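Each chain is listed here by its residues.
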Amino acid sequence: MLLLACLFTLLIHASETAAYAVRLAGIRIGKLAVALSLAGMIVLVSRTSNMFQGMLTAGIADNAGLTDPHLALAPFRYVLISSSVGTAIAILLFPTLVALSARMIAHFEVTGSIPLMLKATANIHSVKRAKRHIRLPRLEMLSRLRVGGVPKRLIVLNVAVTAIYTVGVLAALYASAFTPDGKSQATMSSALINGIATIIMTLFLDPRVALLTDRAMSGKASQESMNKMFGLLMLSRLAGTILAQVLLVPAAAFIRWTLSLY
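This structure is a prediction, so every number in the text was calculated from the model and none was measured. (Residues numbered from 1 in each chain as written. Predicted model: local features only at pLDDT ≥ 70, side-chain atom pairs only at ≥ 80, totals over all residues. Heavy atoms only, no water.)

(A) Spatial organisation of the environment of valine 45. Along the chain, valine 45 falls in helix α2 (residues 32-66). As a C-alpha pair, valine 45 and serine 15 span 30 residues in sequence and 7.5 Å in three-dimensional space. (Helix = DSSP H or I, 4+ residues; strand = E, 2+ residues; numbered from the N terminus.)

Shown next as structure tokens:
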């Protein structure tokens, strides 16, 4: 159960980070609208995996609640580690993902639908051709990722949103293991936590990213600045998954304290 939960968590965070590659590819070839449609497909994979991950981690919390609630802490730590690993894998594969995303966008324009695009690309010949697009990350890329030119508030918000989103469900489930009488309330509080993260992202993060993207599409911002922005967004996502480790116990304690008020 724990291994499956970790695998689904890895897939969730790897796919959500990979969505940046699709967006950057769309900006580079001037097909942002098509890229956003494909990015939505990747996010759908993430959301589907999230449902399975939620069921598995809920089982871990339920089993721990029957004996010692503290037993759920170590498994949840491993789940959070897998979120960092998934993000790191996507970062390492990012140059390759951008190149492959550009090819996917081109196929999508020809076929006109995602099922037909998948049918056209899911074959041995396409896999062999994909080898040409493998791009290994270089250390010199890190030297270009200075915060200058990218709003620091954007990076900090992305760290915070990622941390809250990553820890929300796990903190609620961990709190539910300590409150058998209020298990349902504790579990449902994850929706409130993730709702706060969604509000912050919708009001402050997404509009800023959209503005910078629009400037790049209109030629008012350089391609280098977009590379830097998406690079920093990925690194800040990784930092957010690490911060989630720190927030797990305090967030669960806060949920338990909130439930004690009722």
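There's more to say after this.
(B) Main features of the nonpolar core. Ranked by size, the top nonpolar core spans 33 residues in total, and within it Phe94, Leu154, Met226, Met229, Phe230 and Leu233 carry the most contacts. Residues within four places of leucine 233 in sequence aside, it is in contact with Tyr20, Leu154, Asn158 and Val209. Cys6, Ala61, Val79 and Ala251 belong to the second-largest nonpolar core, a separate cluster that totals 25 residues. (Core = buried A, V, L, I, M, F, W, Y, C linked by side-chain atoms within 4.5 Å. Buried < 20%, exposed > 50% of the residue type's maximum accessible area, 1.4 Å probe, protein only. Contact = heavy atoms within 4.5 Å.)

(C) Main features of the packing of helix α8 (residues 152-178) against helix α10 (residues 223-260). Running from N to C, α8 and α10 point in directions that differ by 30 degrees, and their axes come no closer than 5 Å. For α8 against α10, the interelement crossing comes out right-handed. In terms of residue class, the contact of α8 with α10 is built from 23 nonpolar, 6 polar and 2 charged. (Axes fitted to C-alpha atoms, helices over the stretch in contact; angles between N-to-C directions. Left-handed = near helix turned anticlockwise from the far one by under 90°. Nonpolar A, V, L, I, M, F, W, Y, C, P; charged D, E, K, R; others polar.)

(D) Fine view of the confidence of the model for the protein. This prediction gives the protein a mean pLDDT of 81; 87% of its residues lie at or above 70. Within the protein, the element-level pLDDT minimum falls on helix α7 (residues 140-143), averaging 55, and the maximum on helix α3 (residues 73-92), averaging 93. (pLDDT = per-residue confidence, 0-100.)

(E) Seen up close, the packing of α3 against α8. For the pair α3 and α8, the least separation of the axes is 11 Å and the interaxial angle reads 170 degrees. As judged from the angle between their axes, α3 and α8 are roughly antiparallel. The segment α3 lies against α8, with Leu73, Phe76, Val79, Leu80 and Ser83 engaging Thr166, Leu170, Leu173 and Tyr174. For the contact of α3 with α8, the residue count by class is 7 nonpolar, 2 polar and no charged. (Parallel < 35°, antiparallel > 145°, perpendicular 65-115°, else oblique.)

(F) Highlighting the packing of aromatic side chains. This model, assessed by the stated rule, comprises 4 aromatic pairs. With 6.3 Å between their ring centres and 80 degrees between their planes, phenylalanine 76 and tyrosine 174 make a pair best called edge-to-face. Within this pair, whereas phenylalanine 76 is found in helix α3, its partner tyrosine 174 is found in helix α8, the two being separated by 98 residues in sequence. Like phenylalanine 76, the residue tyrosine 174 is buried in the burial classification. Every member of this aromatic cluster is reached through a ring pair, and the members are Phe76, Tyr174 and Phe178. Sitting above the plane of the phenylalanine 178 ring, arginine 256 keeps its charged end 4.2 Å from the centroid. (Phe/Tyr/Trp six-rings, centres within 6.5 Å; stacked < 30°, edge-to-face > 60°. Lys NZ or Arg CZ within 6 Å of the ring centre and 35° of its normal.)

(G) Looking closely at the side chain of threonine 57. Assignment of secondary structure puts threonine 57 in helix α2. You can call threonine 57 buried: its relative accessible area is 0%. Non-local contacts of threonine 57, meaning those with residues more than four positions away in its chain, are made with Ala5, Phe76, Val79, Leu170 and Leu173.

(H) Geometry of the pattern of salt bridges. Scanning the model with the defined rule gives 1 salt bridge in all. Here arginine 237 and glutamate 16 are joined by a salt bridge, their closest N and O atoms 3.2 Å apart. Taken as a pair, arginine 237 in helix α10 and glutamate 16 in helix α1 (residues 2-28) lie far apart in primary sequence, 221 residues in all. Given the relative accessible area of 8%, arginine 237 is considered buried. A relative accessible area of 11% places glutamate 16 in the buried class. (Salt bridge = Lys/Arg side-chain N within 4 Å of Asp/Glu carboxyl O.)

(I) Here's a closer look at a nonpolar patch on the surface. Among the surface-exposed residues, Tyr78, Ile81, Val85, Ile89, Leu92 and Leu93 lie close enough to one another that they form a single nonpolar patch of about 540 Å² accessible area. Within the secondary structure layout, valine 85 lies in helix α3. Classification of valine 85 as partly exposed rests on a relative accessible area of 37%. (Patch = residues over 30% accessible without salt bridge, like charges linked within 9 Å, V, L, I, M, F, W, Y side chains within 5 Å. Areas by Shrake-Rupley, 256 points an atom, 1.4 Å probe, with all protein chains shown as cover.)

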